[in-house]
Amino acid sequence: MDSKLDMLIHAFNYLSDVINRYFDTELEHIVKTDITATTFNSNYRDQLLARYYNVTKDVSIFIRALEELGFNRTIDGTLLNRPALLEMEGLTFNDVQNYIAKQEKEINQALTLAQQILEEQGLIDEEENDGN
């Protein structure tokens, strides 16, 4: 279940590095936390929810920094929004999978648009971009 989240964390850390390099910001990297539960139980779900909550919160902080720098719209006017923090709808394995897919979609949309804005501003060269 982690591969997509790992890719999103990598993309986030890359975009944070770009902003830190060009501006006087101190955006921190997201550090992946491991899930210590070995079986799918309430402890596992709690740890998983905490991980997605923290990533979503960090992406929101990043987007707030972009807003403060005036980088919250694309050239065509699309507004960069913070990812919604969703609620899990149930406790079954399928409910958790659905939650993960929806939360990852929220995070990915925000990071993709942020990357587009940084490319439009000339802060990222599309050919050398290794954020995604």
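Residues numbered from 1 in each chain as written. Predicted model: local features only at pLDDT ≥ 70, side-chain atom pairs only at ≥ 80, totals over all residues. Heavy atoms only, no water.

Peer 1: Account for the nonpolar core, with residues named and values stated.
Peer 2: Counting residues in each nonpolar core, the largest one holds 36 residues, and the members touching the most others are L15, V59, F62, L66, L111 and L118. Breaking this core down by element, the ones donating at least two residues are α1 (3-22), α2 (42-68) and α3 (93-120). For this core, the leading source of residues is α3, giving 10 residues. If we skip the residues at most four places from it in the chain, F62 touches F12, L15, S16, I19, L27 and A114. (Core = buried A, V, L, I, M, F, W, Y, C linked by side-chain atoms within 4.5 Å. Buried < 20%, exposed > 50% of the residue type's maximum accessible area, 1.4 Å probe, protein only. Helix = DSSP H or I, 4+ residues; strand = E, 2+ residues; numbered from the N terminus. Contact = heavy atoms within 4.5 Å.)

Peer 1: A description of the pattern of salt bridges should follow, citing residues and the corresponding values.
Peer 2: Taken as a whole, this structure holds two salt bridges when the rule is applied. When the shortest N-O distance is used, the salt bridge between R82 and E67 registers 2.8 Å. Of this pair, R82 sits in the loop between α2 and α3 while E67 sits in helix α2, and the two are 15 residues apart along the sequence. Given the relative accessible area of 30%, E67 is considered partly exposed. (Salt bridge = Lys/Arg side-chain N within 4 Å of Asp/Glu carboxyl O.)

Peer 1: Go over the packing of aromatic side chains, please, and point to the residues and values.
Peer 2: Geometry of an aromatic ring pair is reported as the spacing of the ring centres plus the angle between the planes. Applying the stated criterion across every chain, the model contains three aromatic pairs. Here the aromatic rings of F12 and F62 are separated by 5.6 Å at their centres, their planes lie at 70 degrees, and the arrangement is edge-to-face. A residue pair is termed long-range when its members are at least 10 positions apart, and F12 in helix α1 and F62 in helix α2 qualify at 50 residues. Classification of F62 by relative accessible area gives buried; the value is 0%. Ring centres 6.1 Å apart and planes at 75 degrees place the aromatic pair Y52 and Y99 in the edge-to-face group. In this pair, Y52 sits in helix α2 while Y99 sits in helix α3, placing the two residues 47 residues apart along the sequence. Y99 matches Y52 in its accessibility class, with the two residues each being buried. (Phe/Tyr/Trp six-rings, centres within 6.5 Å; stacked < 30°, edge-to-face > 60°.)

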